[in-house]
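Remarks on the overall topology
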Amino acid sequence: MPLSPLVQDVRLALRSMRREKALTLVILLTLALSIGATTAVFSTVYQVLWRPLPYPEGAQLYRLLQRTTPGGGAGPHKEWERANVHVWNAWRSGARSFSGIEGYVAGRQLLSAPTSDARVMVASASAGFFPLLGVQPVLGRLWGAESEVAGRDREVLLSYELWQHDFGADPAVLGRSVLLNDVPHTVVGVLPPAFHYEPEAELWKPLVLGTPEEVGTTLRVVGRLRQGVSPARGQEELTRLALGAERVRGKVLRGVAMESLREMWTSGSASQLQLVTAVAALLLLLGCANLTNLLLARASARQHELAVRLALGASRAQLVRGVLVENLVRALLGGAAGLLLAVWGRGLLQTFVPAQLASGSGVEPFVLAIAVLLSVAVAVGVGLLPALHLSRGDARGALAPTVRGTRATALGLTRSLLVVVQLSLAMVPLVGAGLMLRSAWKLQHVPLGFIPEGVTVGEVYFPDSRYPRPSDAARAMRELSARMEALPGVTAVGFTRSLPLSGEMWRPSTVFRVDGAAPTDEPSELRAGLVRASEGYFRALGIALKSGRLLDTVPGARGVVVSETFARRHLAGLEAVGSHLWLSGEDAPREVLGVVDDVPMERLSSAPGGDIYVPANEDLSDRMSFAVKSALPETQLLRLLREEARTASEELRFVQAQPLSTLVEESAAQTRVVTGLLAAFALLALVLAAVGLYGLLAFWVAQRTRELGIRSALGATSSRLLRLVVGQGLRLTAVGLCVGLVGALAVARALSTMLYGVSAYDPLIFVLAPSLLLLTGLAASWVPARGATRVAPGEALRRDG
């Protein structure tokens, strides 16, 4: 097929676009916003939910979990937990459904450098872990089973990011010594840039566990299911092997769970992404309806021009092809602008992307492909109806001065239907945005239970070489606390193992029993969060004391403090202060000294689960978090704190200091992003719906100019003509509103799990959203209605006579 006709159509399209600059600008802006938003969302969804995992045959990889007596897992109330060493050994030696089952543990250690120290995440993995994932270092080598022995585990692999930032991407890094917890380790390799299995891990080293009898460690376990073996069969085998293992740390094993890596990584963001995708698709449909309406109006206006071309010998196929090519040119230009918006918008959506699936920034091939496909689909979709409209009729009929009769009626009905679709689609993001905005407002005003303003938090490291016994570290902590509190401008200092909103899903918990309560068949049935804290911790964070007194700071004190929810839930009917609790593994009960306000430990939207506070000097680890209440600037405060630490001991180090308010902001980050996106989509939907309604009524007024002139000549007042046009607009708005409420109810149901303090069917939102849409319809109807009242009868009759 020769290219000249197609080239000619493109030239005509560009000439037409230059001639109709205002219309072209509106169309390109609508395309850019619709395609840009949809491309950004769809590309993010592809990245998270559909793109193959960055491991060979990644679909065969599963995280393996065990379930013991109730409440044994992540956080104080989770059902599933990591595998115990006994269970892991049973799986490794007996499972035939898996080609490999490997494990690792992760925790923060002190990485010493000449200029500064930092607490970094260090993962200790079994020798087969990286081969199981099909991962090879970009530099150096892996370690073998011979390194899984105490004293021979001093080899580390660097993450690619750590190698880039802290070692200057130096290829000579191999063989260099680094200090982890003041123990020298040798760098043997650098991991590839795409490896983010444990996103926070910056170094990896061999796993050393000792004998099973000595170990109480639980492992993060991953297994590769053999090809052809069903997950159900694999889980059945794992369950049988686990039940045949010894009792798990004094608890009864109840079952085994298998979770695909994608499911594990996307569980926190999949529902939000699905919601945003649905709203983006609605926005695209709304934009298409708007463009179709504009192009139908333009097609009616071009009837005379195209009729001349028909009379001069052009075929209908040529006219239809010309219209479609013109739409394609516009769509590709709009898609190019939308692609730029999509690249920018993907940055906003990265909060939904798990770090394990994150990729580099920039225009990736699938982003470009999505933008092109959407542009072509939109061009064909919005151009088909106007093209078919133009292909009907003959040249003589089209050369008539006006569009009358059944064709005009059919066209009006089609455009009215499109406006109803636009209005109904606009209702969906409007309700969704209203619910999320109300939820975000509630979340901003949720009682924190503490006062973050003026509080700086961080970690202090007590090296084992200087403080070999927990009592030595506890004494140093008390001395350091006194020194810090004596600083000018400091009003309170506290130490803890668990800061609020730290997001530690596996934070410590304990099984407990209320002294005097009736015994149960399940001794571990009750579980609560366990927070180790000093007395000053409550004062530094401003946690209110509801009754009783705070923790004792004297050595050997065994009292506890409980949260208000814990007291209400577990000590109902008792005098909370003075009650006694038996904690797991202890041979004597503890007295409840006081009750304090609830504090969210994982995230703002988490309902308080009940916590038990014990003195921080018990089972003191090599690191503790600190909280300092001060009016001093952060930089000045940190300088004073480091000076006091050096004065107390050269081995004490402060790391990862930041304002507590930062943790509060980060906890609500994803909710803010969802809210912002829905609000932006709702605003854009309202604008598109208003433009569509305005365009329809303006066209309606133009088509009925003669009728309106006759009505005016027969005595119709301006107010009557105003009511006629506005009434038409409000009728369409009301129909669209009713249809849209059905979709809005479905979106509200999908949003229910993301809302905080707001019902999915909140009456206020379901009144305000339709009211706003009705006001938008009224405003869009008013302008063409005012134009109708200004039509002079004589001029209208002459114009159409």
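Everything below is about the structure printed above this text.
Since this is a predicted model, take the numbers as computed values, not measurements.

This part covers the overall build of the protein. Helices and strands together make up the secondary structure of the protein, namely 23 helices and 22 strands. A burial count over the protein gives 52% of its 801 residues as buried. Restricting the contact set of the protein to residue pairs at least 6 apart, pairs at least 24 apart contribute 82%. Within the structure as shown, the protein displays about 35300 Å² of accessible surface, and the carbon and sulfur contribution to it stands at 59%.

Further remarks concern the packing of aromatic side chains. Per the stated rule, a full pass over the model turns up 18 aromatic pairs. The interplanar angle of 50° and the centroid separation of 6.4 Å between the aromatic rings of Tyr55 and Trp265 together place this pair among those described as tilted. Here Tyr55, found in the loop between helix H2 (21-50) and strand S1 (61-67), pairs with Trp265, found in helix H7 (residues 261-266); they are 210 residues apart in sequence, far enough to count as distant. The pair Tyr55 / Trp265 is uniform in exposure class, with both members buried. Put simply, the rings of Tyr55, Tyr104, Phe129, Phe130, Trp143, Phe195, Tyr197, Trp204 and Trp265 touch in pairs and so form one group of aromatic residues.

For the rest of this paragraph, the subject is the side chain of Gln60. Counting through the fold element by element, Gln60 comes out in the loop between H2 and S1. Side-chain polar atoms of Gln60 contact the backbone oxygen of Arg226, separated by 3.4 Å.

Bringing the packing of helix H14 (residues 470-485) against helix H17 (residues 634-648) into the picture now. With their axes 10 Å apart at the nearest point, H14 and H17 run at an angle of 140° to one another. Classed by the angle they form, the pair H14 and H17 counts as oblique. The crossing of H14 and H17 is right-handed. Each of Leu480, Arg483 and Met484 in H14 lies in contact with H17, whose residues at this interface are Leu641, Glu644, Ala645, Thr647 and Ala648. Split into classes, the residues belonging to the contact of H14 with H17 amount to 5 nonpolar, 1 polar and 2 charged.

What follows deals with unusual backbone geometry. In this model, Glu57 sits at a positive phi of 50°, which is unusual for a non-glycine residue. Relative to the assigned elements, Glu57 resides in the loop between H2 and S1. Despite not being glycine, Ala169 has its phi angle at roughly 55°, a positive value. Mapped onto the secondary structure, Ala169 falls in the loop between helix H5 (160-166) and strand S7 (177-180).

Between its first and last C-alpha, H17 extends 21 Å over 15 residues, near the 21 Å set by a 1.5 Å rise per residue. Within the sequence span of H17, burial applies to Leu637, Leu638, Leu640, Leu641, Glu644 and Ala645. In an axial view of H17, the angular spread of the buried residues amounts to 165°, which keeps them on one side of the axis. H17 presents Thr635 and Thr647 as exposed residues on the side facing more than 90 degrees away from its buried surface.

What follows concerns the pattern of salt bridges. A pair can form between side chains of opposite charge whenever their charged atoms are brought close. Under the defined criterion, the tally for this structure stands at 13 salt bridges. When the shortest N-O distance is used, the salt bridge between Arg539 and Glu485 registers 3.2 Å. Of the two residues, Arg539 sits in helix H15 (residues 535-541) while Glu485 sits in helix H14, which places them 54 residues apart along the sequence. Overall, the relative accessible area of 37% leaves Arg539 in the partly exposed class. For Arg590, the salt bridge identified is with Glu586, shortest N-O distance 2.9 Å. Overall, Glu586 belongs to the partly exposed group, its relative accessible area being 27%.

Let's shift gears to a positive patch on the surface. Together, Arg11, Arg15, Arg18, Arg19 and Lys21 line one region of the surface with positive charge. Take the positive patch: its biggest share by element is 4 residues, from helix H1 (residues 4-19). Its place among the elements puts Arg19 in helix H1. Here Arg19 falls in the exposed class, since its relative accessible area comes to 53%.

Time to look at the packing of helix H3 (residues 85-94) against helix H6 (residues 231-244). The contact between H3 and H6 brings their axes to 9 Å, and the two run at 125°. By the criterion of interaxial angle, the relationship of H3 to H6 is oblique. Both H3 and H6 take part in a crossing whose hand is right-handed. Between H3 and H6, the contacting residues are Val87, Ala90, Trp91 and Gly94 on the first element and Glu237, Leu238, Leu241 and Ala242 on the second. The class makeup of the residues in the contact of H3 with H6 is 6 nonpolar, 1 polar and 1 charged.

Quick notes on the rules
Residues numbered from 1 in each chain as written. Predicted model: local features only at pLDDT ≥ 70, side-chain atom pairs only at ≥ 80, totals over all residues. Heavy atoms only, no water. Helix = DSSP H or I, 4+ residues; strand = E, 2+ residues; numbered from the N terminus. Buried < 20%, exposed > 50% of the residue type's maximum accessible area, 1.4 Å probe, protein only. Contact = heavy atoms within 4.5 Å. Areas by Shrake-Rupley, 256 points an atom, 1.4 Å probe, with all protein chains shown as cover. Phe/Tyr/Trp six-rings, centres within 6.5 Å; stacked < 30°, edge-to-face > 60°. Polar contact = N/O pair within 3.5 Å; in protein donor to acceptor, adjacent residues only side chain to side chain. Axes fitted to C-alpha atoms, helices over the stretch in contact; angles between N-to-C directions. Parallel < 35°, antiparallel > 145°, perpendicular 65-115°, else oblique. Left-handed = near helix turned anticlockwise from the far one by under 90°. Nonpolar A, V, L, I, M, F, W, Y, C, P; charged D, E, K, R; others polar. Expected span 1.5 Å × (residues − 1). Arc of directions from axis to C-beta. Salt bridge = Lys/Arg side-chain N within 4 Å of Asp/Glu carboxyl O. Patch = residues over 30% accessible without salt bridge, like charges linked within 9 Å, V, L, I, M, F, W, Y side chains within 5 Å. Lys, Arg positive; Asp, Glu negative; His and termini not counted. Charge placed at Lys NZ, Arg CZ, Asp CG, Glu CD.

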